[in-house]
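Chain by chain, the residues run as shown.
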Amino acid sequence: YEKVKGFWYLPEFTDGVLLGRLDLKVVLAEFLLSIGYREDPQVFMDYWFSKDSNVNQPLMNVIARLRNTGDLKMYLATNQEKYRADYLWHNLGFKDYFDDVFNSARIGHCKSNAKYFEAVNNIIDWSKRPEPPLFFEDNPDIIKGAQAVGWDATKYCELEDFTSHPSIHKLLVN
């Protein structure tokens, strides 16, 4: 682990892979060779993805309930490269809970950049909706970025932060 943990801080990852400019498999293969790892990078990725996936099932249960309330669109906003985003979507079943995933590699910006939220606005065309997008996030800087482009961004630390939000609570009690 000690040899590998620096990978996620390399510019090739943070400024390349995470933003969709470089392919994880190529960058990871070079890095793994540099630390003496000789297996196929996919073996490493499979291990990483399976071990670094902590799904908040109580939250997912609430999201499933909300999806059954009617014409409600649910989206996932995440700083992920394309393979991990695909893993979340297909292998962890996020496709059953969300209408789409907006990962940083797809958008070309991380969530800490207001341009990320501007790009998502353009994809979904929020201008046709009566209310701004409701967004939950644990990072205050990311909340500010979302708010800068008109999103109703709220701090999320625990399930009650989500379920007690007036818009969510109203849907859950009806």
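Below you will find a few notes about this structure. The structure presented is a predicted model; accordingly, all values stated were derived computationally and were not measured.

Quick word on the packing of aromatic side chains
Consideration 1: Considering all chains together, one arrives at 15 aromatic pairs under this definition.
Consideration 2: Between Phe7 and Trp8, the ring centres sit 5.7 Å apart and the planes meet at 85°, which makes this aromatic pair edge-to-face.
Consideration 3: Accessibility expressed as a relative area gives 23% for Trp8, which makes it partly exposed.
Consideration 4: When the ring of Trp48 is compared with that of Phe49, the centres are 4.9 Å apart and the planes differ by 55°; the resulting orientation is tilted.
Consideration 5: In this structure Trp48 comes out as buried when scored by relative accessible area, which is 10%.
Consideration 6: Note on Phe49: relative accessible area 4%, which makes it buried.

Considerations on helix H3 (residues 41-51)
Consideration 1: Where H3 is concerned, the buried positions are Pro41, Phe44, Met45, Trp48 and Phe49. All buried residues of H3 lie within an arc of 125° about the axis, which places them on one face of the element. Across from the buried face of H3, at angles greater than 90 degrees, the exposed residues are Tyr47 and Lys51.
Consideration 2: On its buried side, H3 packs onto helix H1 (11-17), helix H2 (24-34) and helix H5 (82-91).

Examining the packing of H3 against H5
Consideration 1: At a closest axis distance of 11 Å, the pairing of H3 and H5 adopts a crossing angle of 50°. Judged on the interaxial angle alone, H5 and H3 are oblique. Relative to H5, H3 is oriented so that their crossing is right-handed. Between H3 and H5, the residues in contact are Met45, Trp48, Phe49 and Ser50 and Tyr83, Arg84 and Tyr87, respectively.
Consideration 2: Tallied by class, the residues present in the contact of H3 with H5 amount to five nonpolar, one polar and one charged.

Details of the pattern of salt bridges
Consideration 1: Tallied over the entire structure, the rule returns five salt bridges.
Consideration 2: The salt bridge partner of Lys82 is Asp23, with a shortest N-O separation of 3.1 Å. Here the residue Lys82 occupies a position in helix H5, and Asp23 occupies one in the loop between H1 and H2, the gap between them amounting to 59 residues.
Consideration 3: Look at Lys82 and you get partly exposed, because its relative accessible area is 45%.

Overview of the packing of H2 against H3
Consideration 1: Packing of H2 against H3 brings their axes to within 9 Å, and their N-to-C directions diverge by 105°. Looking at the two axes, H2 sits roughly perpendicular to H3. On H3, the residues that touch Leu24, Lys25, Leu28, Ala29 and Leu32 of H2 are Pro41, Gln42, Phe44, Met45, Trp48 and Phe49.

Description of the pairing of strand E1 (residues 75-78)
Consideration 1: Across the two faces of E1 the burial differs, with Leu76 and Thr78 buried and Tyr75 and Ala77 not buried at all.
Consideration 2: With respect to chirality, the unit in which E1 leads through H5 into the neighbouring parallel strand E2 (residues 100-103) is right-handed.

Rules of the game
- Residues numbered from 1 in each chain as written.
- Predicted model: local features only at pLDDT ≥ 70, side-chain atom pairs only at ≥ 80, totals over all residues.
- Heavy atoms only, no water.
- Phe/Tyr/Trp six-rings, centres within 6.5 Å; stacked < 30°, edge-to-face > 60°.
- Buried < 20%, exposed > 50% of the residue type's maximum accessible area, 1.4 Å probe, protein only.
- Helix = DSSP H or I, 4+ residues; strand = E, 2+ residues; numbered from the N terminus.
- Arc of directions from axis to C-beta.
- Contact = heavy atoms within 4.5 Å.
- Axes fitted to C-alpha atoms, helices over the stretch in contact; angles between N-to-C directions.
- Parallel < 35°, antiparallel > 145°, perpendicular 65-115°, else oblique.
- Left-handed = near helix turned anticlockwise from the far one by under 90°.
- Nonpolar A, V, L, I, M, F, W, Y, C, P; charged D, E, K, R; others polar.
- Salt bridge = Lys/Arg side-chain N within 4 Å of Asp/Glu carboxyl O.
- Right-handed = clockwise from strand over helix to strand, strands pointing away.

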